[in-house]
Amino acid sequence: MGNLSKGEPLSWERTKKYTDYVRKHGVQQFIHAYNRLKNRPPDPLLWGDEIEHTLIKFDHEAASARVLLESNKFLAVLRRRSENESVWGPEYASYVVESTPPKPYGGIAQLNTVEASMKARRQQLLDSLDAEKGETTVTITAFPRLGCLDSTFPPCQMTEKSITKSIFVSDETIHSSHPRFRTLTQNIRKRRGEKVCINVPIFRDVNTPAPFTENSLIECDDESIRAAKPDHVYMDSMVFGMSCCCLQATIQAATLPEARVLYDQLTAVTPIMMALSNATPFSRGFLTDVDCRWDIISAAVDDRTKAERGLEETGREIPTSRFHAVEYYISPDGEQYNDNEIVVDEDLLKDMLDAGIDLQLAKHVAHLFIRDPLAVYEELIDQDDEIDTDHFENIQSTVWQTMRFKPPPANSDIGWRVEFRPMDVQITDFENAAYVVFVVLLTRVILAYNLNFLIPISKVMENIENAQKRDAVHTQLFHFRKDIFADKEQAQSFNSNKNNTNGTDEQFTDSFSLMDVNTIINGGRSPGNSEFPGLVPLVRKFVDTAEEVDADARNTISLYLELISDRAAGRLKTAATWMRDFVRAHPDYEHDSVVSARINYDLIRQCDLIGRGEIDAPDLLHRTGVSRSHQE
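Residues numbered from 1 in each chain as written. Predicted model: local features only at pLDDT ≥ 70, side-chain atom pairs only at ≥ 80, totals over all residues. Heavy atoms only, no water.

1. Observations concerning the pattern of salt bridges
Basically, it comes down to this: Salt-bridge detection follows one rule: a side-chain nitrogen of Lys or Arg within 4 Å of a carboxyl oxygen of Asp or Glu. By definition, any uninterrupted DSSP run of H or I lasting at least four residues is a helix, any uninterrupted run of E lasting at least two residues is a strand, and each is numbered from the N terminus. Partly exposed describes any residue whose relative accessible area lies between the buried limit of under 20% and the exposed limit of over 50%, with all areas from a 1.4 Å probe on protein chains only and scaled to the type maximum.
Per the stated rule, a full pass over the model turns up 41 salt bridges. Residue K195 pairs with D221 through a salt bridge whose shortest N-O separation is 3.6 Å. In this pair, K195 is assigned in the loop between α5 (180–192) and β8 (198–201) and D221 in the loop between β8 and α6 (222–227), connecting sequence segments 26 residues apart. Judged by its relative accessible area of 4%, K195 is buried. When the shortest N-O distance is used, the salt bridge between R580 and D291 registers 2.6 Å. Of this pair, R580 sits in helix α20 (residues 575–585) while D291 sits in the loop between β12 (286–287) and α9 (294–300), placing them 289 residues apart in sequence. Each member of the pair, R580 as well as D291, carries the same accessibility label: buried. One network of salt bridges, in which partners are shared, links D20, R23, R191, D303, E308, R322 and D372.

This is the structure in structure tokens:
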């Protein structure tokens, strides 16, 4: 949800006066925090998850499903009813709420409690809704028909005073109880100098027009007509991206050096988990030719000016949106793999170097701080840089990358953390728990086996692009390191345990190659005829020998790993593939790429029932009753 400071944020015209000031003092705050906390005593493993829930209004008689624009009302109820049981907060869209556990999970001994916490949060939200009025909640990444007629409840009216200037959605879709969200929207548009522009390639079915163009745009404003690309679904508001729901995990590292290692190592894994969790095959009522939310959000919050986008010759060019893949490793081992030049603020970089921060970490922060603050609060302008961190967090929280490196917050006993951010939210609590538990266990495996996933950062960025493509798990190859064991003796020991007789030194070179997701996750022969161990087998080995994991937790984790393994192997579908196949098999579908209101209703209804555990979806996941009965 970002940094929800109290007060009224300034308009863009007034914010511009303070952008340099906020950047300067934000870096000073980081310097003081770094020097104060760089040698803090080791912290225990703590970790947590964040899930975003979409509010839905059904009209079963009319076979209609719409987004319910009443998160304000339900947040008040949730906070009152679920105090000390979970934490609820607003999200950008007025039909989305975010839930987290009431406190971090402790160590790997609590891995078995994640799904129960997610189920409890879902039930708390369901209990706050009125089922008799058709109100429910689903955990889907994107509402298929957002921006179509009659896609919201209550219905919205477009106005000339709209801050988005959108031709598709009203400002009522933006959360209104905190001014940050609408201020971000307005300031991004004003800084950019025009509306945001999102173009997603259309999925071409047998009856999809060629070329695909939308007649509805003909009578719209000139800006939209110029921005819309043929054979693409065009969108023009931040809500199309920032309403996309995700699943995130935050892990506390023992020390600052460990946090930097985990940040880099997990960065190399982000494209693989993105492909496995893809759940966004549609936009604005059309099937699209991508499966992921990532580039949609990237375009939705792209505040770069024309010069920064390279469309004018004046000013500094910035190659990427502020929502993008990680572009720079921050651990000492990662430095040699930083093969991309990144744009940095040279003055701020010098300030950090002069204060004793190493070049690599200083460049990471100086790269984040090329961006302007988007929501400045007048009452928070004057701060004590030695103890406050609000100016730092102002920019840190509005540069959204696949990973986030998180210094300890002010006045807190929280340590150095990393946030894993690439995953689309899944339909069921079982799936969401499986993905979070897998990521947390992967951090333990990285540290326990001294694994090394590092490849050139440019190849990770290339992987991110491929991970978003339709059915990426089965159609794309990904650059991945062949020798992931930094210690060759550990590698040979692992392979001997697998009765592998082909272990040679050639297997464990520092090279990387193109692999499919199945090989990366489950292991097998990689190009070059070397044996790749697979991430799931490594996690299984770790779990089998971890004293903290009891038999009950081990059984639950085994079910989670089976889901990850079977998705990678194609025995189960990703959520995006399952949804796309549902639409294409629907009796009303005309094979023209259109997700009609009736198809939308049936799809959301199915997701609702699957999410509640009332029906099974055997091609999406193993019987939900298995995990449910195990927990009970």
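2. As for helix α8 (residues 256–277)
To keep things clear, this is the line we draw: For a helix, the expected span equals 1.5 Å multiplied by the number of residues minus one. Two axes enter the definition of the bend at a residue: one is fitted to the seven residues ending there, the other to the seven starting there, and the bend is the angle between them. Distance and chemistry together define a polar contact, namely a pair of N or O atoms within 3.5 Å, with one atom able to donate a hydrogen and the other to accept it when in protein, and with adjacent residues in sequence counting only for side-chain atoms on both sides.
The end-to-end C-alpha distance of α8, which contains 22 residues, comes to 29 Å, matching closely the 32 Å that a straight helix rising 1.5 Å per residue would cover. Residue V269 marks the point of greatest curvature in α8, where the axis turns by about 40 degrees; the proline P271 follows within four residues. Along α8, 20 of the 22 residues are buried, which leaves the element largely enclosed by surrounding structure. Where α8 begins, one side-chain oxygen reaches toward the backbone nitrogen of E258, 3.2 Å away; that side chain belongs to T255.

3. A word on helix α4 (residues 114–128)
Between its first and last C-alpha atoms α4 spans 22 Å; for 15 residues at 1.5 Å apiece the expected length is 21 Å, and the two agree. Those residues of α4 that fall on the buried side of the exposure criterion are V114, E115, S117, M118, R121, R122, Q124, L125, L126 and S128.

4. A closer look at unusual backbone geometry
The amide bond that connects F153 to the next residue, P154, takes the cis arrangement and shows omega of -5 degrees. Here the amide bond leading from A210 into P211 is cis, since omega sits at 0 degrees, within 30 degrees of zero. By secondary structure assignment, the location of P211 is in the loop between β8 and α6. Even without glycine at this site, N411 takes up a positive phi of about 55 degrees. Secondary-structure assignment places N411 in the loop between β15 (403–406) and β16 (417–424).

5. A closer look at the pairing of strand β3 (residues 87–90)
Stated precisely, the cut-off is as follows: Strand pairing is assigned whenever DSSP identifies at least 2 bridges connecting the two strands.
Pairing between β3 and strand β4 (residues 96–100): four bridges, direction antiparallel. Across the sheet, G89 pairs through a bridge with E98, a residue of β4.

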